[in-house]
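# Architecture and fold: a report
Chain by chain, the residues:
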2 protein chains.
Amino acid sequence: MAKIAIMGFGTVGSGVLEVIRRNAQSISRRVGEPVEVKYILDVRDFSGHPDADLFVNNLDVILQDPEIKVVVETIGGTKFAYPYVKAVLESGRSVCTSNKEMVATYGAELLALAKSHGAAFLFEASVGGGTPIITPMHQCLVANNISEVEGIVNGTTNFMLTKMKTESMGFEEALKIAQDLGYAETKDPGDDVDGRDACRKIAILASLAYGQHVYPANIPTRGIKDITVLDIKAAEKLDCAIKLIAWARRDEAGNIAAGVEPMLVSSENQLAGVDDVFNAVLMKGDMLGDVVFYGKGAGKLPTASAVVADVIDALKNGAKVHDSLFWQPSIPYEGMLEDTSASVTYLRTKGLAPEVMNTLFGEGEVVLRQEDQVCYLAQSMTLKELEDVKPKVSALGGEIQLFMRRLEQ
Amino acid sequence: MAKIAIMGFGTVGSGVLEVIRRNAQSISRRVGEPVEVKYILDVRDFSGHPDADLFVNNLDVILQDPEIKVVVETIGGTKFAYPYVKAVLESGRSVCTSNKEMVATYGAELLALAKSHGAAFLFEASVGGGTPIITPMHQCLVANNISEVEGIVNGTTNFMLTKMKTESMGFEEALKIAQDLGYAETKDPGDDVDGRDACRKIAILASLAYGQHVYPANIPTRGIKDITVLDIKAAEKLDCAIKLIAWARRDEAGNIAAGVEPMLVSSENQLAGVDDVFNAVLMKGDMLGDVVFYGKGAGKLPTASAVVADVIDALKNGAKVHDSLFWQPSIPYEGMLEDTSASVTYLRTKGLAPEVMNTLFGEGEVVLRQEDQVCYLAQSMTLKELEDVKPKVSALGGEIQLFMRRLEQ
């Protein structure tokens, strides 16, 4: 009997218990012995729960039980999760987590800690929920250098953008629906709609792809709040979908750029058809070309099943087989990763005459007009050029309300 | 220095050498030491080749060299590949192969042989070329029971069907283009167009998903030869694409059904948008829901990079970590896996009046007519019902020229 503990009995944590029980037979066959949840660490009161006797509220109970080999962390955030996971790894036990914030912030440190204590630190569920992305990336693609990762990694905003497109509605209305359905948080939906969740995920994927820690704080991040019905219509006219794209790129000199931003995605692009709460990640390998991993991102059981796959892996293999699931620490710096590339760029301006667009933003086309708003598609523009033009726009009494670059294949 | 041998220096074999050299640095970092190809086994004359000194034409040279730990098999077919791979595994060396015919036919035996000799038998490249499918399937999905696998696993026919659709051309014309581009074999394109290649691949995926050997000979297989421009037009009218779908399904009682057949795929379905030489495989896990793996299937370097990923895995981990990449032998039986499910079914008939369709095939609609051909969409029909109706069709002086079932989500 292999015994494990779960820290944090929220949605994912309770899902882990459920998956382990429902698929007990096949899991036992894979591990070579039955797997039992011996403790659940949660400070809340579960005295009425059918598994009340499993609950503990002190980490030491787990740390002092030599039977426990693997600990699942599904607390979320970093305040408790980070010190708890550190203590578990330092005790030589493996940790399996779905906590993207912790991995994105402390990944390099925790990976090194696991390595030095002969334990595994696994986090497949932190990106893409149940969809396997991290494992195929680090394992199957070992013979490739990955130049680029781009994806739709936040199901909530993708659901909202799909609604906005198919029902021609604005941001606020779509948010309300997402909240009613439980996809977005009611109190503070900012993690999703401001792009922070996507930022953490691309930080993890970029760290893994490039072998050095890429911090969320250095990734320029914009959410979808500013997108209006007019933008949706303009995108449609351009035969594009608007998607919140998280991307990372390394050029031949080794410079890394990354970002999270709403982008125009041509309907030809595989990512344009990824709708509703689905996630998809596209990777470019130098030998392999493009590969896409696609699946329903979030959800209790999908995410839990990815955590359980990691648990099985940790029970069977311990720290042995995860050498390539690793990246080096790096020093966080002030400022942002810089993107110097030029893109086709969509601009929605207010208070500017259509005639001046060409002079301000270079060659392009007026896509739509509505009152004093103009939607313009500039053929080629860098972020630096965009910054430089802002004073000129203000001088003419206008403003740039939104810009979106086009995702290039 | 880790030393390996390559058996068979065709497209994939030479690609393996190229990938190992081009990405030598990152491969060395992953393995922990440099990887060198010491021998290439090929009976053809490569005396003018820059690496002429690596070539040998006798397997014993490899078997008798204790430095060789891993052998790549890229000969293809089973005549030589099968006895050679057996000999290599029996010597305790691991084998990495892209040979779907061999895995589909002898997989269970070779997996057991590898296990009993402490070696690994890896074949990621046998399905999907470079796209990781087998590894995420057996590893990340260990916490799921897979009920269904369906996919587009033959790039050549998918390229042809894409051409036929976008340029309204018939089978012969599309085949000619595929041959000119080197996608289809000139001498005998039957492996691709008759579905045998897809059949082997779904046999491998079904064996892995269900843990018991599923033989290609038991999988009902139809190719795309009978598809005409009229069918393409009818599909378009139904807002569907025609795709060669390889599928396998296990019901709750444990009965396995599988098939390879051209199907109508609604444009809503993720697989409908998989065009050209791309492959995509969709899996349904009981905890996870749908997951899709998508990428460019064939090609020298993509396929070779998947073989090299297996080589790295075998060098690092030997037989240790592949317990779940396994299935049990089963006895091949006479006849075919039976599919008893009812589907929406498209029929192209000749010599039947539209008025009799309803009586013959049950409720449905006439989609298109051309001379004495009628394209009819029956709402629900089993394969058994289709067989039963054939004598009635003949009695009326008609024939069923083609039927295609609709892929259900």
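Just so we're clear, the structure is a prediction, and the values are computed from it rather than from any experiment.

What follows is about the interface of chain B and chain A. Listed per partner, the contact involves 45 residues of chain B and 45 residues of chain A. Those elements that place two or more of their residues in the side of chain B that touches chain A are α2 (24-31), α6 (134-139), β11 (289-296) and α12 (300-317) of chain B. Here the side of chain B that touches chain A takes 10 residues from α12(B), the largest share from any one element. Tallied by class, residues from the side of chain B that touches chain A come to 22 nonpolar, 16 polar and seven charged. Across five bridges, the pairing between strand β11 (residues 289-296) of chain A and β11(B) is antiparallel.

Now for the nonpolar core. Among the nonpolar cores identified, the biggest contains 268 residues, and I202(A), V308(A) and I202(B) are the most heavily contacted of them. Contacts of V308(A), omitting those with residues within four sequence positions, involve V16(A), V19(A), I20(A), I27(A) and A143(B).

Let us look at the domain arrangement of chain A. Residue and element names in this part refer to chain A. Domains assigned within chain A are domain 1 (2-130 + 300-317), domain 2 (134-296) and domain 3 (343-406). Placing a centre on the C-alpha atoms of domain 1 and another on those of domain 2 gives a separation of 27 Å. Take the side of domain 1 that touches domain 2: its biggest share by element is seven residues, from helix α5 (residues 100-116). Along the lines of polarity and charge, the residues of the side of domain 1 that touches domain 2 split into six nonpolar, six polar and three charged.

Residue and element names in this part refer to chain B. Summarising the element assignment, L205 is placed in helix α10 (residues 196-210). Taking the C-alpha atoms as reference points, L205 and L368, 163 residues apart in sequence, are found 37 Å from one another. Not counting residues within four places of it along the chain, the set of residues in contact with L205 comprises V127, V149 and A248.

All names here are of chain B. With parallel pairing, the six strands of this open sheet are ordered in space as β3-β2-β1-β4-β5-β6. Sheet topology places β3 (55-56) and β6 (121-122) at the edges, where each strand pairs with a single neighbour. In this structure, strand β4 (residues 68-73) lies alongside strand β5 (residues 94-97), joined through four bridges in parallel fashion. Bridge pairing in β5 links V72 to C96.

This brings us to the pairing of strand β5 (residues 94-97) of chain A. Residue and element names in this part refer to chain A. With burial as the criterion, each face of β5 is covered, one bearing S94 and C96 and the other bearing V95 and T97. The parallel pair strand β4 (residues 68-73) and β5, bridged by helix α4 (residues 81-90), forms a crossover whose chirality is right-handed. Across two bridges, β5 lies against strand β6 (residues 121-122) in parallel orientation. Paired with C96 across the bridge in β6 is L122. This β-α-β element, β5 to α5 to β6, shows right-handed connectivity.

Under the fitted operation, chain B is carried onto chain A by 0.0 Å of movement along the axis and a turn of 180°, and the coordinates agree to an RMSD of 0.0 Å. Accordingly, the operation relating the two chain copies is best matched by a two-fold axis. It is F293(B) whose C-alpha, among those of chain B, lies nearest the rotation axis, at 2.5 Å. A high fraction, 100%, of the interface residues of chain B reappear at the interface in chain A, so the copies pair face to face through one surface.

Residues and elements named next belong to chain A. In this structure, E371 takes a positive phi of about 50° despite not being glycine. Turning to its location among the elements, E371 is positioned in the loop between β13 (364-370) and β14 (373-381). C-beta crowding within 10 Å serves as the criterion here: with 7 such atoms nearby, E371 is assigned to the exposed category.

Glancing now at the packing of helix α4 (residues 81-90) of chain B against helix α5 (residues 100-116) of chain B. Residues and elements named next belong to chain B. As a packed pair, α4 and α5 sit with axes 10 Å apart at the nearest point and diverge in direction by 15°. Here α5 runs roughly parallel to α4, going by the angle between their axes. Relative to α5, α4 is oriented so that their crossing is right-handed. Judged by residue contacts, A81, Y82, V85, K86, L89 and E90 of α4 engage M102, Y106, L110, L113 and A114 from α5. Split into classes, the residues belonging to the contact of α4 with α5 amount to nine nonpolar, no polar and two charged.

Attention now moves to the confidence of the model for chain A. Residue-level pLDDT values for chain A average 94, and 99% of them are 70 or greater. With a pTM of 0.87, the predicted complex shows an ipTM of 0.78.

As a further point, take the pairing of strand β15 (residues 399-406) of chain A. Residues and elements named next belong to chain A. Bridge count for strand β9 (residues 256-266) against β15 is two bridges, and the pairing is parallel. Looking at β15, one finds that M263 is bridged to R405. As judged from the six bridges shared by strand β12 (residues 343-350) and β15, these two strands associate in the antiparallel manner. Residue T349 lies in a different strand from β15, and its bridge partner there is I400.

Parameters and conventions
Residues numbered from 1 in each chain as written. Chains lettered and ligands numbered in written order. Predicted model: local features only at pLDDT ≥ 70, side-chain atom pairs only at ≥ 80, totals over all residues. Contact = placed C-beta atoms within 7 Å. Helix = DSSP H or I, 4+ residues; strand = E, 2+ residues; numbered from the N terminus. Nonpolar A, V, L, I, M, F, W, Y, C, P; charged D, E, K, R; others polar. Pairing = 2+ DSSP bridges. Core = buried A, V, L, I, M, F, W, Y, C linked by C-beta atoms within 7 Å. Buried ≥ 20, exposed ≤ 12 C-beta atoms within 10 Å, placed from the backbone. Domains from an automatic or database assignment. Right-handed = clockwise from strand over helix to strand, strands pointing away. Least-squares fit on C-alpha atoms with pLDDT ≥ 70 in both. Axes fitted to C-alpha atoms, helices over the stretch in contact; angles between N-to-C directions. Parallel < 35°, antiparallel > 145°, perpendicular 65-115°, else oblique. Left-handed = near helix turned anticlockwise from the far one by under 90°. pLDDT = per-residue confidence, 0-100.

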